[in-house]
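Residues per chain, in single letters:
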Amino acid sequence: MNFVDFSHVPSNQTEIHDRLENWAKWCKPNHTSSMLAMFKGYKPYLYPDRGPSSTTNSKEAAEVQKALAFLPEKHRHAIQWFYIFKSNPTRMCMALGVSKQGLLELVTDGRTMVKNRLTVRKDMCINAAT
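Predicted model, so just to flag it, every value in this text is computed and none were measured.

Asks: Before we go on, may I ask you to explain the overall build of the protein in this structure?
Replies: Looking only at helices and strands, one finds 5 helices and 0 strands in the protein. In sequence order, the protein lays out its α and β elements as α-α-α-α-α. Residues classed as buried in the protein amount to 28% of the 130 residues present. In the protein, of all internal contacts separated by at least 6 residues, the share reaching a separation of at least 24 is 72%. Put simply, the protein shows about 8900 Å² of open surface, and 57% of that area lies on carbon and sulfur atoms.

See below:
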């Protein structure tokens, strides 16, 4: 069995990786929304509502979200798994019907697709302005 390093990001994808990390922070619910008052001992004052992080670029995250809508389903799910859910890769492999190497390829290819989509949108906006 070969080891697959899911933490490795190719050097040509570091910029889009950072943008996807920003998007993931933007997508994750704040602390209080994951706490339900029906649990015994729930004390809402212990869990302040963090709201959007000041380090999150909401406009850029929304652009990434729009770009993700155009990805093929398996790539989109792989990107969501990698950046938001970060759960057991074996379960995600079974859900998508791929090997661990296949899952890594979906994530890597998905990053490239998002990057290309954002580049095309940016070029279209620049051309429309001129």
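Asks: Sorry if this is basic, but what is going on with the nonpolar core here?
Replies: Nonpolar side chains tend to gather and get buried jointly when the protein is soluble and globular. The biggest cluster of nonpolar side chains holds 26 residues, and the ones touching the most others in it are L20, W23, I79, L103 and V114. Looking at this core, the elements that each hand over two or more residues are α1 (14–27), α2 (58–68), α3 (73–85), α4 (89–96) and α5 (100–129). In this structure, L20 is in contact with V64, I79, Y83, R111 and V114, ignoring residues within four places of it in sequence.

Asks: I tried to follow the packing of α3 against α4 on my own but got confused; where do I start?
Replies: In a pair of packed helices, the angle between the axes and the distance between the axes together describe the arrangement. Where α3 contacts α4, the axes come no closer than 11 Å and their chain directions differ by 170°. One element, α3, and the other, α4, form an angle in the roughly antiparallel class. For α3 against α4, the interelement crossing comes out right-handed. Contacts from K74, H77, A78 and W81 in α3 reach P89, M92 and L96 in α4.

Asks: What exactly am I supposed to notice about the side chain of N22 here?
Replies: Relative to the assigned elements, N22 resides in helix α1. Accessibility expressed as a relative area gives 8% for N22, which makes it buried. At 2.8 Å, the side chain of N22 and the backbone nitrogen of N57 are in polar contact.

Asks: Hey, could you run me through the confidence of the model for the protein in this one?
Replies: Detailed reading of the predicted model is not advised wherever pLDDT is low. For the protein, mean pLDDT is 81; residues scoring 70 or higher make up 71% of the total. Under a pLDDT of 50 for its full length, residues 31–38 has, in the predicted model, 9 contacts with residues more than four places off or in other chains.

Asks: What am I meant to see in α4 here?
Replies: Residue pairs spaced three or four apart in an α-helix point in one direction, given the helix's 3.6 residues per turn. Looking only at α4, the buried set comprises M92, C93 and L96. Summarising the axial view, the buried residues of α4 lie within an arc of 105°, below the 170-degree limit, and thus occupy one face. Summarising the geometry of α4, the exposed residues directed more than 90 degrees from the buried face are R91, M94 and A95. Capping the start of α4, N88 holds a side-chain oxygen 2.8 Å from the backbone nitrogen of T90, two or three residues further along. Once α4 finishes, G97 follows within two positions and takes phi at roughly 70°, a positive value.

Asks: What exactly am I supposed to notice about the side chain of R19 here?
Replies: Turning to its location among the elements, R19 is positioned in helix α1. The class of R19 is buried, set by a relative accessible area of 19%. The residues touching R19, leaving out its near neighbours within four places in the chain, are E60, E63, V64 and L118.

Asks: How should unusual backbone geometry be read in this particular structure?
Replies: Where the residue is not glycine, phi is negative for most of them; where a peptide bond is considered, it is trans in most cases. Residues other than glycine seldom take positive phi values, yet K86 does so here, at roughly 45°. Here K86 lies in the loop between α3 and α4.

Conventions and cut-offs
- Residues numbered from 1 in each chain as written.
- Predicted model: local features only at pLDDT ≥ 70, side-chain atom pairs only at ≥ 80, totals over all residues.
- Heavy atoms only, no water.
- Helix = DSSP H or I, 4+ residues; strand = E, 2+ residues; numbered from the N terminus.
- Buried < 20%, exposed > 50% of the residue type's maximum accessible area, 1.4 Å probe, protein only.
- Contact = heavy atoms within 4.5 Å.
- Areas by Shrake-Rupley, 256 points an atom, 1.4 Å probe, with all protein chains shown as cover.
- Core = buried A, V, L, I, M, F, W, Y, C linked by side-chain atoms within 4.5 Å.
- Axes fitted to C-alpha atoms, helices over the stretch in contact; angles between N-to-C directions.
- Parallel < 35°, antiparallel > 145°, perpendicular 65-115°, else oblique.
- Left-handed = near helix turned anticlockwise from the far one by under 90°.
- Polar contact = N/O pair within 3.5 Å; in protein donor to acceptor, adjacent residues only side chain to side chain.
- pLDDT = per-residue confidence, 0-100.
- Arc of directions from axis to C-beta.

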